[in-house]
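So the chains spell out like this:
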2 protein chains.
Amino acid sequence: MKIRETVKNFSPYNPGTAEAGIRMDKNESPFSLPEELKGKVLGELEKLTVNRYPQSSGDSLREKLADFHYLKKDNIVVGSGSDQLISYSTHLFAGKHAVVTPPTFSMYRFYAELNGLDVRPVPLGEDFGLQVKKIKDNLNGAAVVFLCSPNNPTGNTFDRGKIVEILETGVPVVLDEAYGEFADETNMNLIKGYDNLVVLRTFSKAFGLAGARVGFAAGDSDVVGHMLRVKPPYNLNSFSLRVAELLLDHYELVRDRIDLLTEQRKKLYNRFERYSHPSEANFLLMNLDASDYLLDRGISVRSFTGRLAEYIRVTVGTKEENDRFTHALKSYISDQI
Amino acid sequence: MKIRETVKNFSPYNPGTAEAGIRMDKNESPFSLPEELKGKVLGELEKLTVNRYPQSSGDSLREKLADFHYLKKDNIVVGSGSDQLISYSTHLFAGKHAVVTPPTFSMYRFYAELNGLDVRPVPLGEDFGLQVKKIKDNLNGAAVVFLCSPNNPTGNTFDRGKIVEILETGVPVVLDEAYGEFADETNMNLIKGYDNLVVLRTFSKAFGLAGARVGFAAGDSDVVGHMLRVKPPYNLNSFSLRVAELLLDHYELVRDRIDLLTEQRKKLYNRFERYSHPSEANFLLMNLDASDYLLDRGISVRSFTGRLAEYIRVTVGTKEENDRFTHALKSYISDQI
């Protein structure tokens, strides 16, 4: 039995294993389902006929998402997490390589390699901004460019003009806006002008549904149509579809939580401004090598290797969690002096 | 924007669109969650922290499955439907083509093509049995052989000796036992003797959880280890994981339904023996071109093109559904005479 070389050399995704009482390592929402909705959610789950397959493409959720974003159903494809849509994206476009801009979300590399594309990294600049000229130099033979804005794990958004400059080349661009709800503005509306743009969104962050694994891609109906053809049937389960729909129906509750987290992020940033990179996401990248110290105090944050070896990525939690984090990190900083 | 040729020429999976009052077209269980379990399931779903990611590999379900099948956790990988495990299988093995044995489940072809393998069809013989010699003639350069037993859509199981003969060549074999619970015997235990065997199972059929999208693969820890490396994190959502675990914990309720459906299948087979192919699944393949006739009478069954153009595949339903189906099909047969 011969295993493919790609698989043998493959680095599996490592989501980090540190688990602590205060979990600030995975950019999850600290808020469970809104209390006001719990009864409704359970009532809906009770009604589901789980012995039947879900609608094959999650059309009911697609329609709600289209209404929500002033688009048509044909502009939307839903997936089991936006992960799955990253995977579909690596299947769609002709070309030999994917351009990625590290430090960024590692699943672009994961799926590109798995699905037979070479990976061409064009690192972000010193300010973690896009190096457009260098990206353009790497577009010959490119299948797709992956951009993440706000970028995980740096937190900053990319300049809209630079994104447009890349789009203008005609290369397919997948713009991951997993943290878009926490940003001052998004680039979703660019899909009306650029048929080579696919925007990814998720219910795992602002909507607080990481456990449900729901994401979606928005784009021109032509590229979405191709995505639907490579999408296997029934890719979303009935539970997750229904819960995502309910949260869209009650977006005002989601909005409250986004506002609260954004406010908390600003507070945390101000407290640790000297160490923090500007963020429009639900996390902060801090130039402090404090992950072990914090873990010893019951707080898990994300650490890295390579260029970010001296950094931690801190998910914004509840006010109480952020205060406990603040207390611990201040002690760490004092200890260093 | 250039779309890959493979994608342009790709035939999307068509699960059939006919929807009727009596749904006998998708090999689903006609039974919703056991009443005895509903309260427990909702109680468990209420407790889930859906804002947190699930355990990355569904380890808790893997452990329960291992116990259930007298295996170890390292022999099990879970997926969002066994579909996802078919996809992983097409990534794992070195080689240029996948061998499939039509008429069979079309997702083997779907994923093989999507993931860059050529597809070499070796049709089943006249009795829908394996043509082992012809399969062996096609193993040079093969990455993987997909077998489905009981086979969808023909219903028969393959001779164990023939499966072993293929395993003995050393080629990786994925044996899909999606309907294994309805068969007199399964081949799961062959994984202890053959490290080139991967057996697929699903919760969508006998367990009545098509809406939850849960499947698993069992195999030698080496091949399962490779599968875990290409598996993306968090591939199963928290709801589905928990519900699948609860059904395993109460397998006696599942077993009752399997027995009931098997008995009903035998009754239906006896009623239409002249037209029916022997089945060890929860469906019958019948040599009658009656799908439109039945749909007009509120019953959806699966129809085909090609070699099975004159056949229907009928999912075994509840006693009442099967009786209504029997009544309608008898009328169809009388009308033909």
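Note that residues are indexed from 1 along each chain, following the sequence as it is written. Ligands are numbered from 1 and chains lettered from A, in the order in which they are written. For a predicted model such as this one, the threshold for reporting local features is a pLDDT of at least 70, and the threshold for listing and counting side-chain atom pairs is 80 or more; totals across whole chains, interfaces and linings nevertheless cover every residue. Heavy atoms from the whole structure form the basis of all side-chain values; hydrogens and water molecules are not counted.

*Asks:* Account for the packing of helix α10 (residues 251-271) of chain A against helix α12 (residues 319-336) of chain A, naming residues and giving values.
*Replies:* All names here are of chain A. Fitted lines through C-alpha atoms give the axes, limited to the stretch in contact for helices. The angle between two N-to-C directions lies from 0 to 180 degrees. To qualify as a helix, a DSSP run of H or I must reach at least 4 residues; to qualify as a strand, a run of E must reach at least 2; elements of each kind are numbered from the N terminus. For the pair α10 and α12, the least separation of the axes is 11 Å and the interaxial angle reads 10°. By the criterion of interaxial angle, the relationship of α10 to α12 is roughly parallel. For the pair formed by α10 and α12, the contact residues are Q264, L268 and R271 on the first element and K319, N322, D323, F325 and T326 on the second. Note on residue classes: Ala, Val, Leu, Ile, Met, Phe, Trp, Tyr, Cys and Pro are nonpolar, Asp, Glu, Lys and Arg are charged, and everything else, Gly too, is polar. Broken down by class, the residue content of the contact of α10 with α12 amounts to two nonpolar, three polar and three charged. When describing relative orientation, an angle under 35 degrees is termed roughly parallel and one over 145 degrees roughly antiparallel, while 65 to 115 degrees is termed roughly perpendicular and anything else oblique. Residue contacts are defined here by distance: any two heavy atoms, one from each residue, within 4.5 Å place the two residues in contact.

*Asks:* Residues and numbers for the interface of chain A and chain B, please.
*Replies:* Counting from both sides, the interface comprises 71 residues of chain A and, opposite them, 71 residues of chain B. Two parts placed together each lose some accessible area; with a 1.4 Å probe, that loss summed over both constitutes the buried area. Both sides of the chain A and chain B interface together cover about 6000 Å² of buried area, and 59% of this is carbon and sulfur. One side-chain nitrogen of Lys or Arg within 4 Å of one carboxyl oxygen of Asp or Glu is enough to make a salt bridge. Taken together, the connections running from chain A to chain B amount to two salt bridges. Put simply, E28(B) and R52(A) hold a salt bridge, and the shortest N to O gap is 2.7 Å. N or O atoms within 3.5 Å of each other form a polar contact, as long as, within protein, one can give a hydrogen and the other can take it, and as long as residues adjacent in sequence are counted only when both atoms are side-chain atoms. In this assembly, chain A and chain B are joined by 40 residue pairs in polar contact (both at pLDDT 80 or more). Elements represented by at least two residues in the side of chain A that touches chain B include exactly α1 (5-8), α2 (35-47), α4 (81-92), α5 (107-114), α8 (221-230) and α9 (238-249) of chain A. The element contributing the most residues to the side of chain A that touches chain B is α8(A), with five residues. Its residues placed into classes, the side of chain A that touches chain B shows 35 nonpolar, 19 polar and 17 charged.

*Asks:* Mind laying out the packing of aromatic side chains, listing which residues take part and the relevant values?
*Replies:* Two rings from Phe, Tyr or Trp (for Trp, the six-membered ring) form a pair when their centres sit within 6.5 Å of each other. Planes less than 30 degrees apart are called stacked, planes more than 60 degrees apart edge-to-face, and all others tilted. For the structure on display, the rule yields 23 aromatic pairs over all chains. For the ring pair F110(A) and Y111(A), a centre distance of 5.1 Å and an interplane angle of 75° mean the geometry is edge-to-face. Both residues of the pair, F110(A) and Y111(A), belong to the buried class. Ring plane angle 70° and centroid distance 4.9 Å describe the contact between F10(B) and F110(B), whose orientation is recorded as edge-to-face. Pair noted here: F10(B) is in the loop between α1 (5-8) and β1 (22-24) and F110(B) is in helix α5 (residues 107-114), with a separation of 100 residues, a long-range link. Judged by relative accessible area, F10(B) falls into the buried class, the value being 2%. Above the plane of the ring of F31(A) lies R257(A), whose end atom (NZ or CZ) is 5.9 Å from the centre. Lysine NZ or arginine CZ positioned within 6 Å of the ring centre and within 35 degrees of the ring normal marks a charge as sitting over the ring. Here R297(B) stacks its cationic end above the ring of Y293(B), 3.5 Å away from the centre of that ring. Burial classes follow relative accessibility: with a 1.4 Å probe on protein chains only, a residue under 20% of its type's maximum area counts as buried, one over 50% as exposed, and anything between as partly exposed.

*Asks:* Could you give an account of the relation of the copies chain A and chain B, naming the residues involved and the relevant values?
*Replies:* Two chain copies, one operation linking them: a rotation about an axis together with a shift along it. Residues below a pLDDT of 70 in either copy are left out; the C-alpha atoms of the rest, at least 70 in both, set the least-squares superposition of the copies. Placing chain A over chain B gives an RMSD of 0.0 Å and needs a rotation angle of 180°, together with 0.0 Å of translation along the axis. Accordingly, the operation relating the two chain copies is best matched by a two-fold axis. Comparing contact sets, 100% of the residues at the interface of chain A also lie at the interface in chain B, consistent with an isologous, same-surface contact.

*Asks:* Outline helix α2 (residues 35-47) of chain B, supporting the account with residue identities and numerical values.
*Replies:* Residues and elements named next belong to chain B. Of the residues making up α2, those classed as buried are L37, V41, L42, E44 and L45. Summarising the axial view, the buried residues of α2 lie within an arc of 160°, below the 170-degree limit, and thus occupy one face. Away from its buried face, by an angle of more than 90 degrees, α2 presents the exposed residues E36, G39 and K47. Throughout, the arc means that of the directions going from the helix axis to the C-beta atoms.

*Asks:* Talk me through the nonpolar core; I want residue IDs and the actual numbers.
*Replies:* Formed by 177 residues in total, the largest nonpolar core has its most connected members in F325(A), L329(A), F325(B) and L329(B). Contacts of F325(A), omitting those with residues within four sequence positions, involve M24(A), L268(A), F272(A), M286(A), L294(A), I299(A), V301(A) and V314(A). Definition used in this section: a nonpolar core is a set of buried Ala, Val, Leu, Ile, Met, Phe, Trp, Tyr and Cys residues joined via side-chain atoms within 4.5 Å. Membership of the second largest hydrophobic core comes to 66 residues, among which are F146(A), A98(B), Y108(B) and L114(B).

*Asks:* I'd like to hear about the pattern of salt bridges, residue by residue, with values.
*Replies:* By the definition in use, this model includes 40 salt bridges over all chains. The salt bridge partner of K267(B) is E263(B), with a shortest N-O separation of 3.8 Å. Of this pair, K267(B) and E263(B) both sit in helix α10 (residues 251-271), four residues apart, which is roughly one turn of the helix. Classification of K267(B) as partly exposed rests on a relative accessible area of 35%. Ionic contacts of the salt-bridge type, sharing partners, join the residues E44(A), K47(A), R242(A) and E245(A) into one network.

*Asks:* Requested: an account of the sheet that holds strand β10 (residues 299-303) of chain A, with residues and values cited.
*Replies:* All names here are of chain A. By definition, two strands form a pair when at least two bridges between them are found by DSSP. The four strands are arranged β1-β10-β11-β9 in an open sheet whose pairing can be described as mixed. Pairing within the sheet leaves two strands with one partner each, and these edge strands are β1 (22-24) and β9 (283-286). Strand-to-strand, the axes of this sheet are offset by a mean angle of 30°, without reference to chain direction. Bridging between β10 and strand β11 (residues 312-315) involves two bridges; their strand directions are antiparallel. Each bridged residue has a counterpart across the sheet, and for R302 the counterpart in β11 is R313. Where α12 meets the sheet, it contacts β1, β9, β10 and β11, and its direction lies at approximately 85° from that of β1.

*Asks:* Describe the domain arrangement of chain A, naming the residues involved and giving the relevant values.
*Replies:* For interface size, the figure often reported is the accessible area lost on association. Residues and elements named next belong to chain A. Here the bounds of each domain stem from an automatic or database domain assignment. Under the domain assignment used here, chain A contains domain 1 (15-32 + 252-336) and domain 2 (47-249). The gap between the C-alpha centroids of domain 1 and domain 2 is 25 Å. Of the roughly 1900 Å² buried at the junction of domain 1 and domain 2 (both faces included), carbon and sulfur atoms supply 57%. Among the residues domain 1 hides against domain 2, the three largest losses belong to V254, E280 and R307. Together they make up 33% of the total. Linking domain 1 with domain 2 are zero salt bridges. Counting the contacts that link domain 1 with domain 2 gives 10 residue pairs in polar contact (both at pLDDT 80 or more). Elements with a contribution of two residues or more to the side of domain 1 that touches domain 2: α10 and β9. Looking at the side of domain 1 that touches domain 2, the element that brings in the most residues is α10, giving seven residues. Across the side of domain 1 that touches domain 2, the residue classes break down as 11 nonpolar, six polar and eight charged.

*Asks:* Lay out the sheet that holds strand β10 (residues 299-303) of chain B with the relevant residues and their values.
*Replies:* Residues and elements named next belong to chain B. Pairing is mixed in the open sheet, where four strands are placed in the order β1-β10-β11-β9. Whereas interior strands pair on both sides, the edge strands pair on one side only; in this sheet they are β1 and β9 (283-286). Looking at each pair of strands side by side, their axes are set apart by 30° on average, direction ignored. The sheet contact formed by β1 and β10 spans three bridges and is parallel. Residue R23 lies in a different strand from β10, and its bridge partner there is S300. Against the sheet, helix α12 (residues 319-336) engages β1, β9, β10 and β11 (312-315), with an angle of about 85° to β1.

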